[in-house]
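Structural features, examined
Chain by chain, the residues:
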Amino acid sequence: MSKKTRHEPHEEHADESWLLPYSDLLTLLLALFIVMYAMSATDNKKFEEMSKAFNTALSTGTGVLNFSSALPSDKNLDKGKKDSQANAVSTEDGRRRKAQLAKQEQEDMEKLKKQLDQYIKNNGLTNLLNTKLNQSELTITISDNALFASGSAAVKPESRQLALAISNMLQQFPSYNVIVSGHTDNMPISNSEYASNWDLSSDRALHFMKILLNNPKLNPAMFTSKAFGEYHPIASNDTAAGRAMNRRVEVSIIRKYTDQSQQMQVPNP
């Protein structure tokens, strides 16, 4: 009778399946540390070359590629800070300079307005001329009765003295743009010389501007004539008085500077 093989009693082993993901995790961590070390040991010279190449291709914007080394040095940071401060100072100086110019312009235009108003008063022209100063321009408004016969663009001989006086005053602003504009009422024109109010207002503005430019001290390049016909009235065309106000020539000196902190309008006398 054969003997049965006797097996020694043994304990059951615990489940060890968790070792596989654990070992994978350790492997990944090791790989991560190796990559981080490799990155920290990158050749600075190669990084600088790459930075220069990107800076050449991307010429706008700011960031790490604006520096010549992997990390911005204190010297680069100081330079950037100084440049920023210089730009701020330059901007502030520009604002201050513009404010000074705007203030001087305001004073000069107020002075010219007073001269014009005094001329108007001294010559008894208060019903035919007036001035207005606002944030965009100084405007001299001249009634058509002071310059032209009805339906005509020929400046009256006696009105040439007025044009001469205005041109002499314009000499104070030789580098400013001047616009001479013609306006009519809405009554249809009916004569052989002009087919419409557009034509009449255009010729009136042009003829008066040419007389102003007889002054050799004025630069024709700074002058423009415009025709508005009946389409920019300043009064109602329903009355004779309103239509008389709308028939006019305006000479406007256009501002160069505007001080937004001191917006004002000089009232008419």
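Remember, predicted model here, so these are calculated numbers, not experimental data.

1. Description of the overall build of the protein chain
Within the protein chain one finds 6 helices and 5 strands. Walking the protein chain from its N terminus toward its C terminus, one meets helices and strands in the order α-α-α-β-β-α-β-α-β-α-β. For the protein chain, buried positions account for 28% of its 269 residues. When contacts within the protein chain are restricted to residue pairs at least 6 apart in sequence, those whose partners lie at least 24 apart make up 70%. On the protein chain, roughly 18,500 Å² of surface is accessible, and the fraction owed to carbon and sulfur atoms is 56%.

2. Comments concerning the pattern of salt bridges
Scanning the model with the defined rule gives 9 salt bridges in all. R96 serves as the salt-bridge partner of D93, at 2.9 Å between the closest nitrogen and oxygen. One end of the pair, D93, and the other, R96, are both in helix α3 (residues 74-122), 3 residues apart, so they sit about a helical turn from each other. For D93, a relative accessible area of 39% translates into the label partly exposed. Residue classification places R96 among the partly exposed positions, given a relative accessible area of 42%. Its salt-bridge partner being R247, residue D185 comes within 2.7 Å of it at the nearest N-O pair. Separated by 62 residues along the polypeptide, D185 in the loop between β3 (178-183) and α5 (197-212) and R247 in the loop between α6 (240-246) and β5 (248-254) bring together distant segments of the chain. Here the salt bridges share partners, and the residues they tie into one network are E92, D93, R95 and R96.

3. Remarks on a nonpolar patch on the surface
Together, Y22, L25, L26, L29, L32, F33 and M36 make up an exposed nonpolar region whose accessible area comes to about 690 Å². With respect to the helices and strands, F33 occurs in helix α1 (residues 19-40).

4. Some words on the nonpolar core
Residues I142, F208, L212, V251 and I253 are the most contacted members of the largest nonpolar core, which totals 36 residues. Taken together, the elements giving at least two residues each to this core come down to α3, β1 (129-133), β2 (137-143), α4 (160-170), β3, α5 and β5. The element best represented in this core is α4, accounting for 6 residues. In contact with L212, not counting residues within four places along its chain, are A163, I166, S167, L170, V180, L218, F223 and V251.

5. So, the sheet that holds β1
Taken together, the 5 strands give an open sheet; going across it, the order is β1-β2-β5-β3-β4, and neighbouring strands pair in mixed fashion. Every interior strand has two partners, whereas the edge strands, β1 and β4 (223-227), have only one. Adjacent strand axes in the sheet meet at a mean angle of 15° when their direction is disregarded. Strands β1, β2, β4 and β5 of the sheet are contacted by α4, whose axis makes an angle of about 175° with β2. Of the strands in this sheet, β2, β3, β4 and β5 touch α5, which is tilted by about 160° from β4.

6. Some thoughts on the pairing of β1
Taking every second residue as pointing to the same face, the buried face of β1 carries L129, T131 and L133, while none of N130 and K132 on the other face is buried. Linking β1 back to β2 in an antiparallel pair, the connection comprises 3 residues.

Analysis parameters
The residue count restarts for each chain, going from 1 along the sequence in the order it is written. Thresholds applied to this predicted model are a pLDDT of at least 70 for local features of residues and 80 or more for the giving and counting of side-chain atom pairs; totals over whole chains, interfaces and linings are not thresholded and use all residues. In computing side-chain properties, one takes all heavy atoms of the structure into account and sets aside hydrogens as well as water. In DSSP terms, a helix is any run of H or I states spanning at least four residues, a strand is any run of E spanning at least two, and both are numbered starting from the N terminus. Throughout this description, buried means an accessible area under 20% of the type-specific maximum (1.4 Å probe, protein chains only), exposed means over 50%, and partly exposed covers the range between. Throughout, a contact is declared for two residues whenever any of their heavy atoms are within 4.5 Å. Computed with the Shrake-Rupley method and a 1.4 Å probe, the accessible areas treat only the protein chains shown as cover for residues. Salt bridges are counted wherever a side-chain nitrogen of Lys or Arg sits within 4 Å of a carboxyl oxygen of Asp or Glu. Think of a patch as exposed residues, more than 30% relative accessible area, with no salt bridge, where like charges cluster within 9 Å and nonpolar side chains (Val, Leu, Ile, Met, Phe, Trp, Tyr) cluster within 5 Å. Remark: nonpolar core denotes a set of buried residues (Ala, Val, Leu, Ile, Met, Phe, Trp, Tyr, Cys) joined through side-chain atoms within 4.5 Å. By the convention used here, strands pair only if DSSP detects at least 2 bridges between them. Each axis is a line fitted through C-alpha atoms, and for a helix only the stretch in contact is used; angles between axes span 0 to 180 degrees, taken between their N-to-C directions.

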